[in-house]
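What follows is each chain in one-letter form.
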Amino acid sequence: MILVTGGAGFIGANFVLDWLAQSDEPIVNLDKLTYAGNLQNLASLAGDRRHLFVQGDIGDRELTDSLLLQYQPRALINFAAESHVDRSIHGPKDFIQTNIVGTFHLLESVRDYWSHLPGETRKSFRFVHVSTDEVYGSLARDEPAFSEAHRYEPNSPYSASKAASDHLVRAYHHTYGLPLLTTNCSNNYGPYHFPEKLIPLMIVNALAGKPLPVYGDGQQIRDWLYVKDHCAAIRRVLAAGHPGETYNVGGWNEKPNLEIVHTVCTLLDELRPRTDGKAYHEQVAYVADRPGHDRRYAIDARKIESELGWKPAETFATGIRKTVQWYLDNQEWVRDVQSGAYREWVEKNYGERQKVRS
Ligand code: NAD
Ligand code: DAU
């Protein structure tokens, strides 16, 4: 069996669902269930004996030691993290605690478990650390995309905490020989994406008749990848990646935020037109920029393609259509995630950002 951390969040839940749709190998899913963790994402697995959910913290040594000992996983995939840049700006503490200290404790726990495994099992054990392209910092418009050799230059408390965790992973391979692999992926989108992030926020706000808050001039560029393609890349790295290596994962889909927002609006105009006959893009509102906002990310994904044969299956056009349709088909999920705590966050992040122009 495999152990997954953070498997009730956006990417982790998609990974768990895809894994069990393709394989009968059981999963132990350790997740703290922070505001971002949601067991409804895994509702279709109710009663499925291949999925064992454990609520807990990756930084809880006693718990991780006992899970490793009890279930003897052949691999671990670490998705657990605080993941939202804006939240890291408002309050970095949880990011340091989970992304750095939590990863450290998890590595220590795994080091102990792995060092006591018998020969062949020890040799084939793998730990995949799921990280981000944000560790590389920001690119100018004409700079080449991030390769695995790009220097680390994180700019937000979130990306700095992920960079620190990547360095720990690197050091544990180099020093102790732990069979660790790191993936650095670009922006994901797809089902179960929490509506604090750009794409789901735009869909949810558009349908609710609320403003669509675009930070700054909306010309910041991200490289978008459909979440199921990211999950396939991680499965490939787990199956065939070389310990100690890092793999950049991206969709070859660089787009400015404003284009993303307009694409979402156009799809909604087609699939769920406004009752007043107006276009959704009329709801766009330019608001104060994110402090320290990275201008451009872009991933050079040639290494994972040439060495491991992974390529994204979705284009942006197919992936975004599926995503918008998913949100339209899952309005109950959308309603349920907009709890009081969610509304408090929206007020905190957007309340103070006065409208700049529309
Ligand atoms: P998410 O915020 O949706 O989910 C994170 C999950 O981790 C939640 O279920 C949460 O409950 C859990 N968690 C948080 N702290 C924990 C702790 N201390 N112990 C156990 N569980 C804990 O995040 P996501 O978007 O699914 O991202 C998953 C991973 O992928 C993160 O490491 C993130 O840095 C990385 N990543 C995300 C993207 C993206 O576009 N979303 C892109 C590249 C990399
Ligand atoms: O690049 C990978 C990263 O992508 C992951 O490591 C992070 O976990 C993930 O959250 C994501 O980070 P971003 O900061 O790029 O994602 P977010 O959806 O928050 O923002 C995307 C872009 O849209 C960014 O330029 C900020 C902008 N934005 C975002 C929000 C929430 C807006 O203009 N308005 C908004 O309301």
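Structural data are supplied above this passage.
Residues numbered from 1 in each chain as written. Chains lettered and ligands numbered in written order. Predicted model: local features only at pLDDT ≥ 70, side-chain atom pairs only at ≥ 80, totals over all residues. Heavy atoms only, no water.

So, about the sheet that holds strand S3 (residues 51-55). Strand order in this open sheet of seven strands is S3-S2-S1-S4-S5-S6-S10, and the pairing throughout is parallel. Two strands in the sheet have a free side with no partner beyond their single neighbour: S3 and strand S10 (246-249). For this sheet, the mean inter-axis angle between neighbouring strands, taken without regard to orientation, is 20°. When strand S6 (residues 180-185) meets S10, the two strands line up parallel, connected through four bridges. Among the inter-strand pairings, Asn184 is bridged to a residue of S10, identified as Asn248. (Pairing = 2+ DSSP bridges. Helix = DSSP H or I, 4+ residues; strand = E, 2+ residues; numbered from the N terminus. Axes fitted to C-alpha atoms, helices over the stretch in contact; angles between N-to-C directions.)

Counting buried positions along strand S2 (residues 27-31) yields five of five residues, so the element is predominantly enclosed. Where strand S1 (residues 2-5) meets S2, four bridges bridge the pair, whose relative direction is parallel. If you follow Val4 over to S2, its bridge partner there is Asn29. Where the polypeptide runs from S1 across helix H1 (residues 10-22) and back to S2, its parallel neighbour, the crossover connection is right-handed. Relative to S3, S2 runs parallel, the two sharing five bridges. By the bridge assignment, Asp31 is partnered in S3 with Gln55. (Buried < 20%, exposed > 50% of the residue type's maximum accessible area, 1.4 Å probe, protein only. Right-handed = clockwise from strand over helix to strand, strands pointing away.)

This part takes up the sheet that holds strand S11 (residues 254-256). Hydrogen bonding along the main chain pairs the strands of a sheet, whether they run parallel or antiparallel. Ordered by their spatial adjacency, three strands build an open sheet running S7-S9-S11, and the pairing between neighbours is mixed. One side of each edge strand has no neighbouring strand; the edge strands of this open sheet are strand S7 (187-189) and S11. Ignoring which end each strand starts from, the neighbouring axes of this sheet average 50° apart. Pairing between strand S9 (residues 221-226) and S11: three bridges, direction antiparallel. Across the sheet, the residue bridging to Asp223 is Glu254, located in S11. In the packing of helix H9 (residues 257-271) onto the sheet, the strands contacted are S9 and S11, and the crossing angle to S11 comes to about 85°. (Contact = heavy atoms within 4.5 Å.)

Moving on, we get to the site of ligand 2. Around ligand 2, the structure places 24 residues, and the nearest of them are Asp133, Tyr158, Arg290, His293 and Tyr350. Separating an oxygen atom of ligand 2 from a side-chain N or O atom of Glu134 is a distance of 2.8 Å. Contact with the protein chains covers 94% of the free accessible surface of ligand 2, which is 690 Å². At the level of secondary structure, the elements contributing two or more residues to the shell around ligand 2 comprise helix H7 (198-207) and strand S8 (212-215). Top contributing element to the shell around ligand 2 by residue count: S8, with three residues. When the residues that make up the shell around ligand 2 are grouped by side-chain class, the tally is 10 nonpolar, eight polar and six charged. (Near = heavy atom within 4 Å. Polar contact = N/O pair within 3.5 Å; in protein donor to acceptor, adjacent residues only side chain to side chain. Areas by Shrake-Rupley, 256 points an atom, 1.4 Å probe, with all protein chains shown as cover. Nonpolar A, V, L, I, M, F, W, Y, C, P; charged D, E, K, R; others polar.)

For the coordinates displayed, the defined rule picks out three cavities of 30 Å³ or more. Here the second largest cavity defines a volume of roughly 50 Å³. Considering the residues around the second largest cavity, the lining is formed by Val85, Ile89, Glu134, Ser156, Arg222, Arg290, Pro291, Gly292, His293, Asp294 and Tyr297. (1 Å grid on protein atoms, 1.4 Å probe; cavity = no way out; pocket = protein on both sides within 12 Å on 5 of 7 lines; lining within 4 Å. Points joined across faces, edges and corners; volume = space filled by probe spheres on them.)

Attention shifts here to unusual backbone geometry. Notably, Gln72 is not glycine yet its phi reads approximately 45°, a positive angle. The residue Gln72 is located in the loop between helix H2 (61-71) and strand S4 (75-78) in this model. The backbone of Trp252 shows a phi angle near 55°, a positive value even though the residue is not glycine. Within the secondary structure, Trp252 is located in the loop between S10 and S11.

Right, let's get into helix H13 (residues 340-351). Between the first and last C-alpha of H13 there are 15 Å, a value that for 12 residues agrees with the 16 Å anticipated at 1.5 Å per step. Of the residues making up H13, those classed as buried are Tyr342, Trp345, Asn349 and Tyr350. Seen from one end, H13 has its buried residues packed into an arc of 100°, which puts them on one side. Facing away from the buried side of H13, by more than 90 degrees, are the exposed residues Arg343, Glu344 and Glu347. (Expected span 1.5 Å × (residues − 1). Arc of directions from axis to C-beta.)

Right, let's talk about the site of ligand 1 for a bit. Neighbouring ligand 1 are 28 residues, the closest being Ile11, Asp31, Ser83, Tyr158 and Lys162. For ligand 1, an oxygen atom lies 3.1 Å from a polar atom in the backbone of Phe10. Ser83 is positioned such that a nitrogen or oxygen atom in its side chain is 2.7 Å from an oxygen atom of ligand 1. Isolated, ligand 1 exposes 830 Å² of accessible area, and the fraction of that covered by the protein chains is 97%. Of all the elements in the fold, those that place two or more residues in the shell around ligand 1 are H1, strand S5 (126-132), helix H6 (157-176) and S7. For the shell around ligand 1, the residue count by class is 12 nonpolar, 12 polar and four charged.

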